[in-house]
Amino acid sequence: MLVTFKSDNYANITLFGDVAKSLLKIMGHSGSVPGAFRTEDVPAALEKLSHAVAIESPPPTQASSDDDEESEQYISLRHRALPLIELLESAKNSQSNVMWE
């Protein structure tokens, strides 16, 4: 499943469903899709997500392996959340709602 976040003055952001739901929960939402933040709720959601990124612990170290198998790459919360943070900042500045489906 893919979740697309939309706001009037910013490009749409599409995330995998599990990532989107975890970011929504960090922002204080239930994680239900579809959904929306009203204009007055955007600053609080942005603050919660920015705070979670700021206090994120460092990525786990990966032991080097000479195996031919591919190892999973760790993607930090900061990298996953950055596009959504930018969308929320734009929505906050333009007094827009944020919707996702």
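In this text the structure is predicted, and so the values were computed from the model without any measurement.

**A closer look at the overall build of the chain**
Helix and strand content of the chain: three helices and four strands. Helices and strands in the chain line up, N terminus first, as β-β-α-β-α-α-β. In the chain, which comprises 101 residues, the proportion classed as buried is 34%. Within the structure as shown, the chain displays about 6700 Å² of accessible surface, and the carbon and sulfur contribution to it stands at 49%.

**Some points on the sheet that holds strand β2 (residues 10–16)**
Adjacent strands of a sheet form backbone hydrogen bonds with each other and so pair up, either parallel or antiparallel. Reading across from one edge, β2-β1-β4-β3 is the order of the four strands in this open sheet, with antiparallel pairing throughout. Every other strand in the sheet has two partners, leaving β2 and β3 (35–37) as the edge strands with one partner each. The sheet shows a mean angle of 20° between the axes of neighbouring strands, direction not considered. Lying on the sheet, helix α3 (residues 77–94) is in contact with β1 (2–7), β2 and β4 (98–100); it crosses β2 at an angle near 145°.

**Regarding the pairing of β1**
Pairing geometry for β1 and β2, over five bridges, is antiparallel. Bridging across to β2, Val-3 finds its partner in Leu-15. Alignment of β1 against β4, held across three bridges, turns out to be antiparallel. If you follow Phe-5 over to β4, its bridge partner there is Trp-100.

**Re the environment of Asn-93**
Mapped onto the secondary structure, Asn-93 falls in helix α3. For Asn-93, a relative accessible area of 65% corresponds to the exposed category. Separated by 51 residues in sequence, Asn-93 and Val-42 place their C-alpha atoms 9.9 Å apart.

**Here's the deal with the side chain of Ser-96**
Here Ser-96 lies in the loop between α3 and β4. Its relative accessible area of 5% is what places Ser-96 among the buried residues. Polar side-chain contacts of Ser-96 include one of 2.8 Å to the side chain of Ser-94. Beyond its immediate stretch of four places on either side in the chain, Ser-96 contacts Ser-7, Asp-8, Asn-9, Thr-39, Val-42 and Ala-91.

**Focus: the packing of aromatic side chains**
Scanning all chains against the criterion turns up two aromatic pairs. Arranged with centres 5.8 Å apart and planes meeting at 40°, the rings of Phe-5 and Trp-100 form a pair that is tilted. A residue pair is termed long-range when its members are at least 10 positions apart, and Phe-5 in strand β1 and Trp-100 in strand β4 qualify at 95 residues. Just as Phe-5 is buried, Trp-100 falls in that class too. One aromatic cluster is present, formed by Phe-5, Phe-37 and Trp-100 through successive ring pairs.

Scoring rules and cut-offs
Residues numbered from 1 in each chain as written. Predicted model: local features only at pLDDT ≥ 70, side-chain atom pairs only at ≥ 80, totals over all residues. Heavy atoms only, no water. Helix = DSSP H or I, 4+ residues; strand = E, 2+ residues; numbered from the N terminus. Buried < 20%, exposed > 50% of the residue type's maximum accessible area, 1.4 Å probe, protein only. Areas by Shrake-Rupley, 256 points an atom, 1.4 Å probe, with all protein chains shown as cover. Pairing = 2+ DSSP bridges. Axes fitted to C-alpha atoms, helices over the stretch in contact; angles between N-to-C directions. Contact = heavy atoms within 4.5 Å. Polar contact = N/O pair within 3.5 Å; in protein donor to acceptor, adjacent residues only side chain to side chain. Phe/Tyr/Trp six-rings, centres within 6.5 Å; stacked < 30°, edge-to-face > 60°.

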